Structure formats: C-alpha cells, structure tokens
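Close look at the chain arrangement
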Amino acid sequence: FAELTLDLEEFKLYEQVYSHLTIDAPTPDLVIYLQAPVDVLVKRIARRGIAHERGMGPAYLKSLCEAYTDFFHFGGKQTIFLHLRGKQNFQKFHD
C-alpha cells in the first residue's frame, strides 16, 4: 500500500522506519481476503459518501487491489489463503 502513495525516497524512508518498529507478531492460521471488482468498489464508495474516499478513482482502486493481491500471493507469511471473490455485500447500508 505504501508503494502506491509514496515516491521512491519516501518509500525508502518508510521501509527503514517500519523495520525498526515492527514486532514479531504470530502468523495467522487463516487469512480471509474478501475482494470485490473495481466497479463494485466504486459504487460502494459513492453510496457511503465518506469525504476522504471520494478521491479514490477506479485506477487507484485497481492498483490497490493488485498490491493486496501481490502481497497475499507472493509476500505474505500466512499458512492458509482463502480468497473469496464476488459481488456479495457483507455490510448493510442505512439511509
């Protein structure tokens, strides 16, 4: 995620700080990663109406989804990976 929002120098500094602040947390037995298509995410963001989310366009959301996918497939330390994909909406919105 940080790679998407920081330039190269900022990211290098982030990695240095991160390496000093991380703890050796236990690895989870199961990671459940719920992924939705970008068009669904865009609609949910519009429906939620949260100000700081409004600037998240489809291109940014696509790159964010790709970054998380890369992390879970190639960079994560989880033992088991469960990937649920679809248009299910697990959060109920109220007007």
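What counts, and at which threshold
Residues numbered from 1 in each chain as written. Predicted model: local features only at pLDDT ≥ 70, side-chain atom pairs only at ≥ 80, totals over all residues. Heavy atoms only, no water. Helix = DSSP H or I, 4+ residues; strand = E, 2+ residues; numbered from the N terminus. Expected span 1.5 Å × (residues − 1). Polar contact = N/O pair within 3.5 Å; in protein donor to acceptor, adjacent residues only side chain to side chain. Salt bridge = Lys/Arg side-chain N within 4 Å of Asp/Glu carboxyl O. Buried < 20%, exposed > 50% of the residue type's maximum accessible area, 1.4 Å probe, protein only. Patch = residues over 30% accessible without salt bridge, like charges linked within 9 Å, V, L, I, M, F, W, Y side chains within 5 Å. Areas by Shrake-Rupley, 256 points an atom, 1.4 Å probe, with all protein chains shown as cover. Phe/Tyr/Trp six-rings, centres within 6.5 Å; stacked < 30°, edge-to-face > 60°.

**Overview of helix 2 (residues 8–21)**
Since one α-helical turn is 3.6 residues long, residues separated by three or four positions face the same way. Taking 1.5 Å per residue, 14 residues should reach 20 Å; helix 2 reaches 20 Å between its end C-alpha atoms and fits that length. Measuring from the backbone nitrogen of Glu9 back to the side-chain oxygen at the start of helix 2 gives 3.1 Å, which picks out Asp7 as the cap.

**Quick word on the pattern of salt bridges**
A side chain of one charge can pair with a side chain of the opposite charge if their charged atoms are brought near each other. Across all of its chains, the model carries three salt bridges by this definition. Here Glu9 makes a salt bridge to Lys12, at a shortest N to O gap of 3.9 Å. Of the two residues, Glu9 and Lys12 are both situated in helix 2; the distance of three residues between them amounts to about one turn of the helix. A salt bridge links Glu66 to Lys62, with the shortest nitrogen-to-oxygen separation between them at 2.8 Å. Of this pair, Glu66 and Lys62 are both found in helix 4 (residues 58–75), four residues apart, which corresponds to roughly one turn of the helix. Note on Glu66: relative accessible area 39%, which makes it partly exposed.

**Quick look at a nonpolar patch on the surface**
Taken together, Leu13, Val17 and Leu21 make up a surface patch of nonpolar side chains, about 300 Å² in accessible area. By secondary structure assignment, the location of Leu13 is in helix 2.

**Topic: the packing of aromatic side chains**
Applying the stated criterion across every chain yields a total of two aromatic pairs. Note on Phe11 and Tyr14: the rings are 6.0 Å apart at their centroids and 25° apart in plane angle, and the pair reads as stacked. Here the residue Phe11 and the residue Tyr14 both occupy positions in helix 2, the gap between them amounting to three residues, near one helical turn. With 5.8 Å between their ring centres and 20° between their planes, Tyr14 and Tyr18 make a pair best called stacked. Residue Tyr14 and its partner Tyr18 are located together in helix 2, separated by four residues, close to a single helical turn. Owing to a relative accessible area of 38%, Tyr14 belongs among the partly exposed residues under this scheme. The exposure class of Tyr18 is partly exposed, given its relative accessible area of 48%. Taken together through their ring pairs, the aromatic side chains of Phe11, Tyr14 and Tyr18 make up a single cluster.

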